[in-house]
Amino acid sequence: MIVFLVAVLCTPHQSYSQHGSEYEDKFKPDCGNYNLQMAWSAECGSGMIAATPLVADIDADGHLDIIIASFTEEISVIRGDTGQTPDQSHWPFRFPGATFHASPLLYDIDQDGQNEVLLTTSDGEIIFLTSAGEKLQGRTLKVGHVVVKKSWYDLEIEMDPSNIHTILYKQDYQLHSRRKNDAEFVGSDDGGVNRKSGIVYDGDYISIDAHVLATPVLADLNNDGRIEELIMPVTYYFDEQTYSLPETDLKRNRFGNISIENFLCSAIVVMNLTSGQVLFEVPLEMSKVSAEFPAYQLFTPTVIDLDGNSGPLEIIVCTSAGRLIVLDCNGHLRTGFPKSFGTIHGQVTVEDLDGNGVLELIVIDNSGNVMCVNAMGDVIWESEISGTSSAGSRVVDLNGDGILDVLVASDDGSVWAFKGDSGSLVEDWHHQLGGRITSNVLITNLHPDTSNVDIVIAGHDGNLYILSSSGQCLQAIELNERSLVQVLSANLMETIPGLELLLATMDGTLLSLAVGNNENVEHSLLSDWKSETPTLNQFTFWNNQFQVAVVDNFKELTGSTFQVDIDIQDNRPQQYRWKSYYVMIRAGSYNLGEKMEFTSAGMHQLTVTCPPHPFQSTVVVHVTNGFAQEITTTFTARFNMQWKHDVKWLMLLPLSSLFLLLLLVFGFPEADLLPTVHDTKYS
């Protein structure tokens, strides 16, 4: 494992300028300068940042925080406005020996109304941290092993979800869970298999270690009103570094003459975080590590209702072995799947690209093929990019023609845009940048007073690239910082107008870049992007055309119910507007009332139920449609905290009254009532 040295931090408030003339020859010279200023920089651990940070108000103080999982051992939380660690906290949290490929999530595991930080290690361990940086004891989860035949590769069968069970333990293996003393959930011991230790007593089978190499998804998978299912992309293999250690002697004891590179398996594992049970595991692929199409699970699943009937959701997952797989909420294969392509890279993007009321899927394979697939798995159109891999795609109407476009960045430094309804290349939209690109593009609007959008890309050459929506303007900003993950945007510093860009680097540095020339920007015009996928399945940037806002600025809420006025603004072209808007309001694990359906956008009033006990929390307003596509907004509220404060004074009132009464009756005493202390006992 390579650990990168920490580089010298950039000077605060440094301005960054456009790159050299090699770019000026390709783009119009009159492009406006974005005037980026360094707001702050912070070191987050000694290793690289391999997972996109999360921007959220984790302590419900009304200010945004940034949660960063360094690749090795350390989780940090810093304030978005200053770049400093929060006062009176235990951050950073160190988890010795752990690595992190997955981004942080938020979940109220102890059901107190306040979210904890959910972290998934590369070894499949799930831990929960409080907003102060303390680990919740008794709440750790662990993904169990998978058990396969040692000689599986001698069987002449195609390893896909339809028949992979033929090589699993007892040919009908399913992962179950049971509670341990430390609340660790592991596989059952049926048939003499201890999946916690990985020891196999049956000589024909072997148990393979679980790894999570992408960010899981939190969702209401079964549509019961509770966001409590954790959908995890799991890859099973034997880590060469672990099994080559001579002091463990595991390689000789467990494998004998069998090569550990013969075993590579991928699966989807779904846990219910409320009950602590594994609901199901679906094995997807099996291969050797050295296979031409190895069975890794490297990207986040997409969770959505493909049929649009406001029912349970489907899980859309792709494997590096080249299969596109769709599962229902019980783990069963959807009719028509799996579909086979080349090695698939990136999360599958899902959107109604042509405005016909049904969803399409964007799938990108390792040969540079970009395919638009319908909900039955049939290819609608196909285009081609250069390069060999991609982190996925994003969707936006680049030229304002009312047609959504698909943006793809490839690892050879190219950026492409295709029309969503036909797959043809958008005019002036293939650009070769200076360095390799390993992350998704950020679509934002750095000048919200205009209708244009900006494409922000972190290059592997140390530059930050900003492309205009016309495709004719480019700035290459010299940061001398390489990045593996997507740039984020948020209003981190409320005292400075406009958005800040957030860049996480390979040396563990976090940079906040303020966008100048936005002195008169209203906060309502800001369209931020606070995580890799801001909501459950958000891939499209609507540039202020579609958003939800809470009219009142709630601070103190008392009583059993209160009214919330929300404003759903939907100014998109008519063909893209939703038929229904379903609104749900949550504070941590609490649903503050029933889901409400509205058939039009605009102002709506909801009656919200206060939680049963006083607490302070970040309240989330969820707006979804029949496909479970989602937009959200948040506000901070104190539920009956003032009443709790008043009760303390009411309890003190009788004592205070008695003290005043005694003073009135007897007056102040002439002598001290407390003992007198002398210098010596003879004084």
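1. Topic: the sheet that holds strand β46 (residues 602-609)
Stage number 1. In space, the 3 strands of this open sheet follow the order β40-β42-β46, with antiparallel pairing throughout. Either end of the sheet is taken by a strand with one partner, and the two such strands are β40 (546-550) and β46. Neighbouring strand axes in the sheet, compared pairwise and without regard to direction, differ in orientation by 25° on average.
Stage number 2. Bridge count for strand β42 (residues 561-570) against β46 is 8 bridges, and the pairing is antiparallel. The partner of I568 across the bridge, within β46, is G602.

2. Here's the deal with empty space enclosed by the protein
Stage number 1. Scanning all chains against the criterion turns up 1 cavity of 30 Å³ or more.
Stage number 2. There is about 30 Å³ of room inside the largest cavity.
Stage number 3. In terms of lining residues, the largest cavity is bounded by I344, H345, G346, Q347, I362, V363, I364, G392 and S393.
Stage number 4. With 4 residues, strand β25 (residues 344-351) is the largest single contributor of residues to the lining of the largest cavity.
Stage number 5. In the lining of the largest cavity, the residues fall into 4 nonpolar, 5 polar and no charged.

3. A closer look at a nonpolar patch on the surface
Stage number 1. On the surface, L661, L664 and V665 cluster together to form a nonpolar patch covering roughly 340 Å² of accessible area.
Stage number 2. With respect to the helices and strands, L661 occurs in helix α4 (residues 641-666).
Stage number 3. Residue L661 is classed as partly exposed on the basis of its relative accessible area of 49%.

4. A few points about the packing of aromatic side chains
Stage number 1. What the rule picks out here adds up to 11 aromatic pairs.
Stage number 2. When the ring of Y237 is compared with that of Y296, the centres are 6.3 Å apart and the planes differ by 65°; the resulting orientation is edge-to-face. Note that Y237 is positioned in strand β18 (residues 229-237) and Y296 in the loop between β20 (277-287) and β21 (302-304), a separation of 59 residues in sequence.
Stage number 3. Given a relative accessible area of 16%, Y237 falls into the buried group.
Stage number 4. With a relative accessible area of 22%, Y296 lands in the partly exposed category.
Stage number 5. An aromatic cluster of three or more residues is present, and its members are F562, Y590, F615 and F639.
Stage number 6. A cation over an aromatic ring shows up here: K288 above the ring of Y153, its NZ or CZ 4.8 Å from the ring centre.
Stage number 7. Sitting over the ring of W542, R572 keeps its end group 4.8 Å from the ring centre.

5. Details of the nonpolar core
Nonpolar side chains in soluble globular proteins tend to be buried together.
Stage number 1. Formed by 57 residues in total, the largest nonpolar core has its most connected members in W40 and L501.
Stage number 2. One finds I364, C372, L557 and V564 within the second-largest nonpolar core, a separate group that totals 42 residues.

6. A few points about the confidence of the model for the protein chain
Stage number 1. Summary statistics for the protein chain give a mean pLDDT of 82 and a share of 79% for residues scoring 70 or more.
Stage number 2. Per-element confidence in the protein chain ranges from a low mean pLDDT of 30 for strand β11 (residues 178-179) to a high of 98 for β21.
Stage number 3. pLDDT under 50 marks residues 1-25. Its contacts with residues more than four places away, or in other chains, come to 57 contacts.
Stage number 4. Here residues 673-683 scores under 50 on pLDDT; set against residues more than four positions off or in separate chains, the count is 1 contact.

7. Thoughts on the pairing of β20
On a regular strand, each side chain points to the face opposite its neighbour's, so the side chains alternate between the two faces of the sheet.
Stage number 1. Taken across its 11 residues, β20 has 9 buried, putting it largely inside the fold.
Stage number 2. The hairpin turn running from strand β19 (residues 264-272) into β20, its antiparallel successor, is 4 residues long, and G276 in that turn takes a positive phi close to 75°.

8. Some details on the pattern of salt bridges
Stage number 1. As enumerated under the stated definition, the model contains 9 salt bridges in all.
Stage number 2. The partner of E74 in a salt bridge is R94, and the shortest N-O contact between them spans 3.1 Å. Remark: R94 occurs in strand β5 (residues 93-99) and E74 occurs in strand β4 (residues 72-79); sequence separation between them is 20 residues.
Stage number 3. In this structure E74 comes out as buried when scored by relative accessible area, which is 13%.
Stage number 4. Of the charged contacts, one joins R572 and D570 as a salt bridge, the two residues approaching to 2.8 Å between their closest N and O atoms. Exposure class is identical for R572 and D570. Each is buried.
Stage number 5. Here the residues in one salt-bridge network are D307, E314 and R334, joined through shared partners.

Scoring rules and cut-offs
- Residues numbered from 1 in each chain as written.
- Predicted model: local features only at pLDDT ≥ 70, side-chain atom pairs only at ≥ 80, totals over all residues.
- Heavy atoms only, no water.
- Pairing = 2+ DSSP bridges.
- Helix = DSSP H or I, 4+ residues; strand = E, 2+ residues; numbered from the N terminus.
- Axes fitted to C-alpha atoms, helices over the stretch in contact; angles between N-to-C directions.
- 1 Å grid on protein atoms, 1.4 Å probe; cavity = no way out; pocket = protein on both sides within 12 Å on 5 of 7 lines; lining within 4 Å.
- Points joined across faces, edges and corners; volume = space filled by probe spheres on them.
- Nonpolar A, V, L, I, M, F, W, Y, C, P; charged D, E, K, R; others polar.
- Patch = residues over 30% accessible without salt bridge, like charges linked within 9 Å, V, L, I, M, F, W, Y side chains within 5 Å.
- Areas by Shrake-Rupley, 256 points an atom, 1.4 Å probe, with all protein chains shown as cover.
- Salt bridge = Lys/Arg side-chain N within 4 Å of Asp/Glu carboxyl O.
- Buried < 20%, exposed > 50% of the residue type's maximum accessible area, 1.4 Å probe, protein only.
- Phe/Tyr/Trp six-rings, centres within 6.5 Å; stacked < 30°, edge-to-face > 60°.
- Lys NZ or Arg CZ within 6 Å of the ring centre and 35° of its normal.
- Core = buried A, V, L, I, M, F, W, Y, C linked by side-chain atoms within 4.5 Å.
- pLDDT = per-residue confidence, 0-100.
- Contact = heavy atoms within 4.5 Å.

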